[in-house]
Structures are given as C-alpha cells and as structure tokens.
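Residue strings, one per chain:
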Amino acid sequence: MTTTTPNSFLNPVTTQTWTNGRHLVRCVKVIQETWDVRTFCFMADQPVLFFFKPGQFVTLELEIDGQPIMRSYTISSSPSVPYSFSITIKRVPGGKVSNWLHDNLKEGDEVPVHGPVGLFNAIDFPTDKVLYLSGGVGITPVMSMARWFYDTNANVDMVFVHSARSPKDIIYQRELEHMAARISNFSVHVICEKHGLGEAWAGYRGYLNKPMLELIAPDFLEREIFCCGPTPYMSAVKRLLEASGYDMSRYHEEAFGPTPPEIRAEVKELAAEAADAPEVPVGDLNQVEFISTGKSIRVGPGETVHAAAAKLGLHIPKACGMGICGTCKVMKTAGEVDMEHNGGITDEDVAEGYILSCCSVPKGDVAIDY
C-alpha cells in the first residue's frame, strides 16, 4: 500500500527571523501563574521565528492614559519554542504599567515591542556547571535559561535556587518540580521568607545565607552564577559571594546594558561645558548632594542628576542615556525628581527610592546615595 504526502506538507514554511527592532505582536494567551503574577504570550500574525539568547529582554511600547510609555521585561520563555515568546509580570501596588497590563492586556490585543537585547544571557557565558539565584519575579530570565538547557538536552549541571515571599508566591512551581523529576542534572531549591496560616511548607525558610547555600550547592565556588531579583536581594548575594572568596568575574546579574568606555570622556566634556555655561540665578538652582562621596553641587532647571555627578567628576555608569538600559540606577534618599524613563527601572525599585540618573531632573534639593 502506498500513501501520498500532501503537497501542503512539502511546501516550505515562509517565515522571518526576529531581529532587534520594532515589531508588532499579538497577545495569544494569558496565564495566571500566582495570585499576583501573570504570563503574557505573544505571536506575530505572519510566522516569525523568535530566536533570542535566554535571559534577554524586550521593551513594550504602550499608551496609558493617553501617554506613550516604554517598559522593559525579560523574556521568560525559551527560544526552543520559537514561534512565540512570553513575559511574566507581577502586579505591584501603585505600579502604573504592571497594573495596567494585568487589568487591560488580553488575548487578541496587538502591542509593539522592541528587542530582543541584553547582555545577561546564557549563551555568552558558556559553562557546564551553573547556579541560578533568583528572588521574586527575578526568576524570569533564569527560568528562560533553565528551560533552554532542559529543552535542548544540554549537558549542563544546573542548580536552581529561588527565594519567594511565601508558598503562594512561588512562580512556575509545578514546572520546576516537573523538570527536576525528569532529568538528573537539574535540582530545585525554594526558600520561603514566611508562610501563612494553613500553608504547608517543608522547604527552606527565611533568607538565603551561606550555610544554606553550602547545603544546597557545596560546590558553588566552582559554578557560573546568574542572579536576578530585587536590588537588596542581589546586593546581599554579592556580599555573601565576595565574603566566601567567589571569583566575581563568573558572577552575572540582570542589567539592561553595558557601560561604554566613552563615558569617562563624557564626564570630562560635561565638566568643561559647566565651566563655560552662563550664570543661572541662585533661586533657580537645585542642590544635588552625593552622600557617600560628601560632594554636592547646585544645578540649573532641566539638568539631570547624572549631569550633576559628571560636573563633580563622579562616574555613574551609563549606557543608553534614554532610561531604557537601567545601568545608571542610584538610590535617592531625599527630595523629588521628575523621571521620564523608558522602562529601564521597575515599579518595585521606584517604590524603594531608586531613580535612573540619566533621565531624572531634580524638582528641588535632592540627596543621592553615591
């Protein structure tokens, strides 16, 4: 008996490959991951192969209350599922963009996206032993990496350590358990800060510390480490690793861009420009104080915190200068600024007091922890 293969099966699929730029995509699925976290899945109307490096991010181009807003989110899916990509977003109290997406973005909606970009990825730092450390929704880029290695049957020994606020806040819990059950080179360890009444939890409790890490990954000094989470979490992880004698050249954390070598030259140029600038009435000047270095300066209307630092010879790392990359993030301890960014900072960081110095203009006297 002979069978014939339909011609439609033999015809090549006409597809395009994703390249960095602006693309119009359609939301095709919304998944409720936890009580306040949702995953939004996107595809193109014409087939597109969404190839990217696991860990990279995209920037959504949105219009909220008539205002154009750009916001960056890590891709949480893996390029091993190439005809779509997903982002996973946590609802944040008072978070303008995250709440709008939860309340308004639905299946069928079209959204322009820019990307993919990002240096924090699994491809540029090849290794056969890796340790993923994540906190909260910072799980998204390392989940993309783990999914990639899992799907491609890579010979990579993975230890996945995730810190959540409570058992009900664990993102991707069932999928992580499934992956760990299927392959021997993937182990999962979840740490819950606390657990509520009626919540059964037999795992690690509290915060990640050195004894806990030594128990989970005794060989952590030999592993490439990828870390993503709230800034205090990443700061604590770095302190722990440095105190343990870890080779920090093998430590990578979520950051939306490099610091070009031209920045130091730019600092000198801005300082020179400041010397030639016309006088501004004292009453119109705002004082910017940099607490850690004990330096302060008065700047005129429209001048950014980054420009103030440059005039003092202080080097705040910067990449894009447009509030997209997040490289120039600093802590504001006093005062108010007008920050017009393009997605390079999370609502959580803003709530904690962080600003992007490249696009933050003082509205009065301000103090910066730098």
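Source: prediction; values computed, not measured. (Residues numbered from 1 in each chain as written. Predicted model: local features only at pLDDT ≥ 70, side-chain atom pairs only at ≥ 80, totals over all residues. Heavy atoms only, no water.)

1. Brief notes about the pattern of salt bridges
Rules: The term salt bridge refers to a side-chain nitrogen of Lys or Arg lying within 4 Å of a carboxyl oxygen of Asp or Glu. Only runs of H or I of at least four residues qualify as helices and only runs of E of at least two qualify as strands under DSSP, and these elements are numbered from the N terminus. Each residue is assigned to one of three classes by its accessible area relative to the maximum for its type, calculated with a 1.4 Å probe on protein chains only: buried under 20%, partly exposed between the two thresholds, exposed over 50%.
Enumeration over the complete set of coordinates arrives at 17 salt bridges. In this structure, Asp219 engages Lys129 in a salt bridge whose closest nitrogen and oxygen atoms are separated by 2.7 Å. Residue Asp219 is found in the loop between helix 5 (210-216) and strand 13 (224-228), and its partner Lys129 is found in strand 9 (residues 129-135); the two are separated by 90 residues along the sequence. Classification of Asp219 by relative accessible area gives buried; the value is 18%. Assessed through its relative accessible area of 22%, Lys129 is described here as partly exposed. Each of Lys129, Asp157, Asp219, Glu222 and Arg223 takes part in a single network of salt bridges with overlapping partners.

2. Concerning the packing of aromatic side chains
Centre distance and the angle of the planes are the two values used to describe a pair of aromatic rings. This is how it is decided: Each Phe, Tyr or Trp ring, with Trp reduced to its six-membered ring, pairs with another whose centre is within 6.5 Å; inter-plane angles below 30 degrees give stacked pairs, above 60 give edge-to-face pairs, and intermediate values give tilted ones. Think of it as a cone above the ring: NZ of Lys or CZ of Arg counts as a charge over the ring if it is within 6 Å of the ring centre and within 35 degrees of the ring normal.
For the coordinates displayed, the defined rule picks out ten aromatic pairs. A centroid spacing of 5.4 Å and a plane angle of 25° characterise the contact between Phe42 and Phe85, whose relative ring orientation is stacked. Highlighted residues: Phe42 in strand 3 (residues 37-43) and Phe85 in strand 7 (residues 85-90), separated in sequence by 43 residues. Exposure remark for Phe42: the relative accessible area of 0% places this residue in the buried category. Geometry around Tyr172 places Arg147 over its ring, the cationic atom sitting 4.7 Å from the centre. Sitting over the face of the ring of Tyr354, Lys329 holds its NZ or CZ atom 5.3 Å from the ring centroid.

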